[in-house]
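Chain by chain, the residues:
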Amino acid sequence: MHINLKSYIRNKQLIKNIKNFNKKTFQVNRSLSENIILCEFTTNKSIQASFSIFTNFIQKKDNSKIVAYNSNIEENLISKMKRIVKRNIYDNYNYDLYKSFNVSDFIFMEDNKEIKKRSDVKCKELLSKIKKKSDLLNLKIEKIWIGDLIYDSYLQKYSVPTINISSKDFRSFFNRCIYAFYFWLDYFNNNVVKVVIGSHSVYYSAIPMRIGIKNGSKVFQVNLHNVYRLSKNKLFAYEFFSDYKKIFNKFSINYKKKALKYSENQCNKRFGGKVGVNMHYSTKSSFTKYDKTKKVLKNNNKKKILIAAHCFLDAPHVYGKENIFNDFHEWFDYLSNFSKKTNYEWYVKTHPDFKPETQNIIKNFLLKYNHIKLIPPSTSHHQLINEGIDCVLTVYGTISWEYAFFKIPVIASSQNNPHRSFNFSYHAKDKKDLDWAIKNFDKLNLDFSKKNIFKFYFMHNIYRQNNWIVDDIDIFLKKIGGYKNIRSLDFYKEWIKSINRKKILKIEKNLDKFFQSKNFLMPSKI
C-alpha cells in the first residue's frame, strides 16, 4: 500500500474536515450485533465516499458492524512491517477516513499455517490438472468459480497479453490466489457475513464477493457510477445486456421519445469530436476532424478490414467467459493467421487513449504478420470510414455501435457482449461462425436502424450510469480537474462542499426503493 507522508501533512486540515463531516453525517450505532457488513478497503476517494453512504444505509437496517477488508494478496513480511510501522507513526489517514464513517475493524490477509497447508495441497492438485488456459479460466474451487479472476489479475499484474501456465511467475501467483481463496473462505465460515461490498466484480479483489454469493450473503458492487446487486445468476456488474431491449420497451411512450432524443444528441456530440461524452475516463476523441490530403488506407479495389484492438491487459472476462477466445492475444493471433487466407487488405488500430503496452504488443505481432498495417492511434475514424473501411472486427468493443451508425458491419467474437440485444452488429458463435462471417461480411443480415442504435446507447451509456452520489457528474468532474482526480482528495474536497444531509436523505430514499425493488441496479433518469 502506498502511503505519502508529505501528502498527508499538506492535506491535514482537509482530512480533518472530511472526518468531521463523516462523523457528523453518519451517527454511531452503539448497539451493533456481531453480524458483519464486509466492505472493501480502497484508497480511491470516490469509492470511499460511495461506501460511506451505502454501508451506513445498510447498517441502519440490520445493526451489523462494518468491517473493511484489504484484498491485497501481494503483501510480504517487509511490506507488512512497513504498513504496521507507518500506521503507528501517523495512523495512515485512509484508515481514519474509514473509521470516521463507522468502520469498526480492518481485516488483512494474515499468514496462517493451517490455511497455508491446505492451500498448498490444493494448489498442487489443481496445477496438475490445468493443462491449458481454458482449464484455468473455468476453474472452480468448492463449487465457486474464480478462474476468471485469477486469469485477469495475472495479465494485469505482470503486464502480459496471455498466460503461460507452466511459467514460474504464473505458478507462484496462482499459489497466492489459492491461499487468498482459502483465507477468505475460512473467514466466511467463522463469521456471519450478511453483506459484502466491493468496488469491482473482476480481479482477485472480487474473491470475497464470489464466496459471499455462494454463502448466501447479499453482495453489491458499489462505486461512483452505480450500485449493482450481484447473485448466482449475475456474477458481473455489467452483464444484463440481454435485457436492454426488454427494459427499454417498458418505458412510457413519452419517456422513450425523450430517451431517443437525448441519445441522438449525445451521439452527435461524440461524432462531432467532443471528448468524454458518457465516457468520463476518456481523454481523447476517436472522431476528430482530419486532413483530407493525407491518406491512410491504400487506394485500390480490395476489401478493407479493420481490427479494432483491445487493451490486452484489461480484464478480457469483465462480461464473463463466453468469448470465443480465452483472451485478446489469442483473438488477435487467430485473426492475423486468418488474414493470410483472404484477399482482403488488413489494418489494425488502437484507441487514442491506448496504453503503451498495447501498442508494443501489436508491433511485436506485426513483425510476424507484416502484411497487416498499423494505423496511428490518433487517426480519426471519420477518415477511415470516408476512405473506405468495409468491415470491423472486435471482441465486444463500443466500435460495434459506432460503425453500425455509419452502416458498416462489425463482427464481434463474443456472444456475451453489450450489443447482443440488437441486430446492428454480428455476434459470432464460434471460430467456424467467425470465419464464415468475415468471408461473407457484405451478406450479413444486419439492421442499421438509428432508432435501435439510440436505444442501445441510452441503455448502455445513460440508464446504467447513475453517478448516484453527485448531482451532475460533468459539472462535478470539471470542478475537481477531470476524471483522473476521482481517486484523490480533490474528490472529497469538492464532495463535502456539494453534499449535505438533505441530499443524503434523498439518496437513501432512492437506495430504499432499490432494495425493495430487487432490481439488478439503480437506473439513471433523464
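Residues numbered from 1 in each chain as written. Predicted model: local features only at pLDDT ≥ 70, side-chain atom pairs only at ≥ 80, totals over all residues. Heavy atoms only, no water.

A.B. asks: Just to check I follow, could you spell out helix α21 (residues 501-517) for this structure?
C.D. replies: Think of an α-helix as 3.6 residues a turn; residues three or four steps apart then line up on the same face. The terminal C-alpha atoms of α21 lie 24 Å apart, and with 17 residues this matches the ideal 24 Å at 1.5 Å per residue to within 8%. Turning to α21, its buried residues number three or more, namely Ile504, Ile507, Glu508, Leu511, Phe514 and Phe515. The arc that holds every buried residue of α21, seen down its axis, measures 115°, which confines them to one face. Facing away from the buried side of α21 by more than 90 degrees, the exposed set consists of Lys502, Lys506, Lys509, Lys513 and Gln516. Tucked into the core, α21 has its buried residues touching α2 (12-25), α3 (45-62), β7 (218-222) and β8 (227-230). At the N-terminal end of α21, a side-chain oxygen is found 3.1 Å from the backbone nitrogen of Lys502, two or three residues along, and the residue is Asn500. Phi turns positive one or two residues past the end of α21, at Lys518, with a value near 65°. (Helix = DSSP H or I, 4+ residues; strand = E, 2+ residues; numbered from the N terminus. Expected span 1.5 Å × (residues − 1). Buried < 20%, exposed > 50% of the residue type's maximum accessible area, 1.4 Å probe, protein only. Arc of directions from axis to C-beta. Contact = heavy atoms within 4.5 Å. Polar contact = N/O pair within 3.5 Å; in protein donor to acceptor, adjacent residues only side chain to side chain.)

A.B. asks: Explain the sheet that holds strand β2 (residues 65-70) here, please?
C.D. replies: Backbone-to-backbone hydrogen bonds join strands into a sheet, with any given pair of strands oriented parallel or antiparallel. Taken in spatial order, the 6 strands of this open sheet run β3-β2-β1-β6-β7-β8, and their pairing is mixed. This sheet does not close on itself; its edge strands, each paired only once, are β3 (103-108) and β8. Pairs of neighbouring strands in the sheet enclose a mean axial angle of 25°, with direction left out of account. The pairing of β2 with β3 spans 5 bridges and is classified as parallel. By the bridge assignment, Ile66 is partnered in β3 with Val103. On the sheet, helix α5 (residues 93-100) packs against β1 (36-40), β2 and β3 and is oriented at approximately 135° with respect to β3. Sitting on the sheet, α21 touches β7 and β8, and the angle it makes with β8 is about 20°. (Pairing = 2+ DSSP bridges. Axes fitted to C-alpha atoms, helices over the stretch in contact; angles between N-to-C directions.)

A.B. asks: Please explain unusual backbone geometry as it appears in this structure.
C.D. replies: Backbone geometry follows two general trends: most residues other than glycine have a negative phi, and most peptide bonds adopt the trans configuration. In the Ramachandran plot, Ala315 falls in the positive-phi region, its phi being about 40° despite a non-glycine side chain. Relative to the elements of secondary structure, Ala315 occurs in the loop between β9 (304-308) and α13 (328-339). Positive phi, normally seen in glycine, also occurs at Asn467, with a value near 45°. Looking at where Asn467 falls in the secondary structure, it is placed in the loop between α18 (450-463) and α19 (473-479).

A.B. asks: Looking at this model, I keep getting lost on the packing of α2 against helix α20 (residues 489-498). Mind explaining?
C.D. replies: Angle between the axes and distance between the axes: these two values describe a pair of packed helices. The geometry of α2 relative to α20 is characterised by a closest axis approach of 10 Å and an angle of 50° between their N-to-C directions. Relative to α20, the element α2 lies oblique. Seen from above, α2 lies across α20 with left-handed handedness. Touching Leu14, Ile15, Asn17, Ile18 and Phe21 of α2 are Leu489, Tyr492, Lys493, Trp495 and Ile496, all from α20. (Parallel < 35°, antiparallel > 145°, perpendicular 65-115°, else oblique. Left-handed = near helix turned anticlockwise from the far one by under 90°.)

A.B. asks: Please explain helix α6 (residues 113-129) as it appears in this structure.
C.D. replies: Under the 1.5 Å per step criterion, the end-to-end length of α6 is 25 Å for 17 residues, consistent within 8% with the ideal 24 Å. Burial in α6 covers these residues: Ile115, Ser119, Lys122, Cys123, Leu126 and Leu127. The buried side chains of α6 occupy one side of the element, clustering within an arc of 130° when seen end-on. Residues of α6 that are exposed and angled more than 90 degrees away from the buried face: Lys113, Glu114, Lys117, Val121 and Lys124. Next to the buried residues of α6 lie β4 (140-141) and α9 (168-190). Two to three positions downstream of the cap, the backbone nitrogen of Glu114 sits 3.0 Å from a side-chain oxygen, assigning the N-cap of α6 to Asn112.

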